[in-house]
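A closer look at the structure
What follows is the residue order along each chain.
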Amino acid sequence: MKGSLPTKIGRLVANLALNPRYVPRTIVHNVINGATPLDLELPWFSYSAIDFLAKHLTTDMDVCEYGSGGSTLFFARRTREVFSIEDNEVWHGLVTERVRQLGLKNVQIKLCPFNFKNPVGFEKSDYLLAMPKQKFDIIVIDGSEEWNQVRPICFRYAEQFVKPGGCIIVDDSWRYSTIRNQNHASRHQIFESVGPCRPGVTSTDIFFY
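Cut-offs used in this document
- Residues numbered from 1 in each chain as written.
- Predicted model: local features only at pLDDT ≥ 70, side-chain atom pairs only at ≥ 80, totals over all residues.
- Heavy atoms only, no water.
- Phe/Tyr/Trp six-rings, centres within 6.5 Å; stacked < 30°, edge-to-face > 60°.
- Helix = DSSP H or I, 4+ residues; strand = E, 2+ residues; numbered from the N terminus.
- Buried < 20%, exposed > 50% of the residue type's maximum accessible area, 1.4 Å probe, protein only.
- Lys NZ or Arg CZ within 6 Å of the ring centre and 35° of its normal.
- 1 Å grid on protein atoms, 1.4 Å probe; cavity = no way out; pocket = protein on both sides within 12 Å on 5 of 7 lines; lining within 4 Å.
- Points joined across faces, edges and corners; volume = space filled by probe spheres on them.
- Nonpolar A, V, L, I, M, F, W, Y, C, P; charged D, E, K, R; others polar.
- Polar contact = N/O pair within 3.5 Å; in protein donor to acceptor, adjacent residues only side chain to side chain.
- Contact = heavy atoms within 4.5 Å.
- Disulfide = S-S within 2.5 Å.
- Pairing = 2+ DSSP bridges.
- Right-handed = clockwise from strand over helix to strand, strands pointing away.
- Axes fitted to C-alpha atoms, helices over the stretch in contact; angles between N-to-C directions.

1. Some thoughts on the packing of aromatic side chains
Taken as a whole and judged by the stated rule, the model has 11 aromatic pairs. On the numbers, 6.0 Å between centres and 85° between planes, the contact of Phe 52 with Phe 208 is edge-to-face. With Phe 52 in helix 4 (residues 47–56) and Phe 208 in strand 7 (residues 201–208), this residue pair connects regions lying 156 residues apart in the sequence. The exposure class assigned to Phe 208 is buried, which follows from its relative accessible area of 8%. Within the aromatic cluster, the residues linked to one another by ring pairs are Tyr 66, Phe 114, Phe 116, Phe 122 and Tyr 127. One cation-aromatic arrangement involves Arg 187 over Phe 208; the distance from NZ or CZ to the ring centre is 3.9 Å.

What follows is the structure, encoded as structure tokens:
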């Protein structure tokens, strides 16, 4: 989140003081083992959002996510089907291989390269339009982004594919005031806390439809 280094450190200390249950995970995930979210089988979300989802998800839910990784494994172990859209060929290979090693049969990862440093024409890109034309219980907006914000475009596109009663998850949500202020959700909740493999506090928003 934004701020000077002292501000970020102060925010981190304050969040851990208010949520001491996150301290052991923060130490293990961020200090000791040097693991990645893919190693941990966790989304790169805030812990508060991860804990909510661990209770919320059911095995009859279908998931689509912009961006693959630890979240792909996390959702695959808890839901019926996971469709991931990935732009990075190397990362796509790593996640695909991990899915194969774990024997997860309910995951499809589609490679859709795109130059996010020059996102002209993103609205018509194969990456954005790769989402299957069906309704999903969970849609995740957590894909690549460079200098220009494209996650709000993904969010607006995804709203037409979320089931009634479903939700859209936006990670690093503190960046996207337009999404918080312009959406068709019946309600939305901000999950702000520390998280795995990140040095400070972040926010993950969940929009309920």
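2. Details of the layout of surface pockets
Quantified by volume, the largest pocket comes out at close to 760 Å³. As for the largest pocket, its lining consists of 36 residues, and the residues nearest its centre are Trp 44, Asp 142, Gly 143, Arg 151 and Asp 172. Of all the elements in the fold, those that place two or more residues in the lining of the largest pocket are helix 1 (5–18), helix 3 (37–40), helix 5 (70–76) and strand 7. Taken together, the residues of the lining of the largest pocket sort by class into 12 nonpolar, 11 polar and 13 charged.

3. Things to note about the side chain of Glu 145
Considering the arrangement of structural elements, one finds Glu 145 in the loop between strand 4 (136–141) and helix 8 (151–158). A residue is classified by how much of its surface remains accessible, and Glu 145, at 18% relative accessible area, is buried. Here the side chain of Glu 145 touches Val 150 through a polar contact of 2.7 Å, landing on its backbone nitrogen. Within the structure, the side chain of Glu 145 is placed 2.9 Å from the backbone nitrogen of Arg 151, a separation counted as a polar contact. Each residue touching Glu 145, except ones within four places of it in the same chain, is listed here: Phe 116, Val 150, Arg 151, Pro 152, Arg 175 and Tyr 176.

4. Observations regarding the state of the cysteines
Applying the stated criterion to the full structure yields 0 disulfides. No disulfide involves Cys 64; its sulfur sits 9.9 Å from the nearest other cysteine sulfur, which is in Cys 154. Judged by its relative accessible area of 0%, Cys 64 is buried. Not part of a disulfide, Cys 167 finds its nearest cysteine sulfur in Cys 64, a span of 13 Å.

5. Digging into the pairing of strand 5 (residues 162–171)
With 7 of 10 residues buried, strand 5 lies mostly within the body of the structure. Where strand 4 lies against strand 5, 5 bridges are found, and the strand directions are parallel. The residue bridging Phe 136 from the neighbouring strand is Val 162, located in strand 5. Crossover strand 4 to strand 5 through helix 8 is right-handed. The sheet contact formed by strand 5 and strand 7 spans 5 bridges and is antiparallel. Note on strand 7: the bridge partner recorded for Asp 171 is Thr 204.

6. Some thoughts on the sheet that holds strand 7
Taken in spatial order, the 7 strands of this open sheet run 3-2-1-4-5-7-6, and their pairing is mixed. Edge positions in the open sheet fall to strand 3 (107–111) and strand 6 (187–194), since each of these has one partner strand only. Across the sheet, the mean angle separating the axes of adjacent strands is 15° when strand polarity is ignored. Bridge count between strand 1 (residues 62–66) and strand 2 (residues 81–86): 5 bridges; the pairing is parallel. Of the residues in strand 2, the one forming a bridge with Tyr 66 is Ile 85. Across the face of the sheet, helix 4 comes into contact with strand 4, strand 5, strand 6 and strand 7 while running at roughly 125° to strand 6. Relative to the sheet, helix 6 (residues 89–102) contacts strand 2 and strand 3, its axis offset from that of strand 3 by approximately 165°.

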